[in-house]
Amino acid sequence: MTNVVDAASSATTSPAAEASESATPATSAPTIASIDEGRQLIDDIDIRIRALVATRKDLSAQVQALRAAAGGPRVEHGRENAIITAWADELGPRGAEIALAVLTLCRGNLP
Ligand SMILES: O=C(O)C(=O)C[C@]1(C(=O)O)C=C[C@@H](O)C=C1
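The structure displayed is predicted, hence computed values, not measured ones.

**Topic: the side chain of Arg 107**
Phase 1: If you trace the backbone, Arg 107 turns up in helix α5 (residues 93-107).
Phase 2: Its relative accessible area of 9% is what places Arg 107 among the buried residues.
Phase 3: Side-chain polar atoms of Arg 107 contact the side chain of Glu 80, separated by 2.8 Å.
Phase 4: Look past the residues within four positions of Arg 107 in its chain and what remains in contact with it is Gln 64, Arg 74, Val 75 and Glu 80.

Below, the structure written as C-alpha cells:
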C-alpha cells in the first residue's frame, strides 16, 4: 500500500484518494533482539513522521489559502477540535498535546 508521502508524487491515482487509502490504524511493533535494532527502527519511524508532518503542513497551507481566497477565516475552530479529539481518542492527553503542536506548526500561532 502506498503511503501519503509516496502518494503525493503518484501520477496514477489522485493524491487525495491514495492518502485516504493509506489512513490505516496504528500497527503493532515487532519484537526486537537488541537496543541497536530498536533504535534503528525508532529512527526510521521518526524520519517517516517528520516527512508526513512536512506533507501535512504543505496541505494545510493549501487549504488555508483556498479558504482565505474565498473570504473565509484563517482558523476553523470546529475542524481543529475534531482533529484534537481524534488524537486524544487514539493516544490520550499526550495525543491532544501532539495534535496542538502539529496544528501550531501547520497554521502558525493563534491570533
Ligand atoms: O482543515 C482545515 O480547514 C485547515 O485549514 C487545516 C488546519 C490543519 O492544519 O489541520 C489548519 C487550520 C485550521 O484552523 C484547521 C485545520
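**Considerations on the pattern of salt bridges**
Phase 1: This model, assessed by the stated rule, comprises 2 salt bridges.
Phase 2: The residue Glu 80 makes a salt bridge to Arg 107 at a minimum N-O spacing of 2.8 Å. With Glu 80 in helix α4 (residues 77-91) and Arg 107 in helix α5, this pair connects stretches of sequence that are 27 residues apart. Arg 107 shares its class with Glu 80; the two are buried.
Phase 3: Close ionic contact of Glu 97 with Arg 94 constitutes a salt bridge, the shortest N to O distance being 2.9 Å. Of this pair, Glu 97 and Arg 94 both sit in helix α5, 3 residues apart, roughly one helical turn.

**Brief notes about the site of the ligand**
Phase 1: The ligand sits among 13 residues. The nearest are Arg 56, Ser 60, Arg 67, Glu 76 and Glu 80.
Phase 2: Glu 76 places a main-chain nitrogen or oxygen 2.8 Å from an oxygen atom of the ligand.
Phase 3: Its free accessible area being 360 Å², the ligand has 93% of it covered by the protein chains.
Phase 4: Counting only elements with at least two residues in the shell around the ligand, the list comes to α3 (35-69), α4 and α5.
Phase 5: At 5 residues, the largest contribution of residues to the shell around the ligand is made by α3.
Phase 6: A per-class count over the shell around the ligand returns 5 nonpolar, 2 polar and 6 charged.

**What to know about a nonpolar patch on the surface**
Phase 1: Taken together, the side chains of Trp 87, Leu 91 and Ile 98 present a nonpolar region at the surface, about 260 Å² in accessible area.
Phase 2: Here Ile 98 shows up in helix α5.

**A word on the packing of α4 against α5**
Phase 1: Interaxial distance between α4 and α5 falls to 7 Å at its minimum, and their mutual angle equals 145 degrees. Viewed along their axes, α4 and α5 form a crossing whose handedness is right-handed. Along its contact with α4, which presents Glu 80, Ile 83, Ile 84, Trp 87, Ala 88 and Leu 91, the element α5 presents Pro 93, Arg 94, Gly 95, Ala 96, Ile 98, Ala 99, Leu 100, Val 102, Leu 103 and Arg 107.
Phase 2: Looking at the contact of α4 with α5, its residues break down into 12 nonpolar, 1 polar and 3 charged.

Calculation notes
Residues numbered from 1 in each chain as written. Predicted model: local features only at pLDDT ≥ 70, side-chain atom pairs only at ≥ 80, totals over all residues. Heavy atoms only, no water. Helix = DSSP H or I, 4+ residues; strand = E, 2+ residues; numbered from the N terminus. Buried < 20%, exposed > 50% of the residue type's maximum accessible area, 1.4 Å probe, protein only. Polar contact = N/O pair within 3.5 Å; in protein donor to acceptor, adjacent residues only side chain to side chain. Contact = heavy atoms within 4.5 Å. Salt bridge = Lys/Arg side-chain N within 4 Å of Asp/Glu carboxyl O. Near = heavy atom within 4 Å. Areas by Shrake-Rupley, 256 points an atom, 1.4 Å probe, with all protein chains shown as cover. Nonpolar A, V, L, I, M, F, W, Y, C, P; charged D, E, K, R; others polar. Patch = residues over 30% accessible without salt bridge, like charges linked within 9 Å, V, L, I, M, F, W, Y side chains within 5 Å. Axes fitted to C-alpha atoms, helices over the stretch in contact; angles between N-to-C directions. Left-handed = near helix turned anticlockwise from the far one by under 90°.

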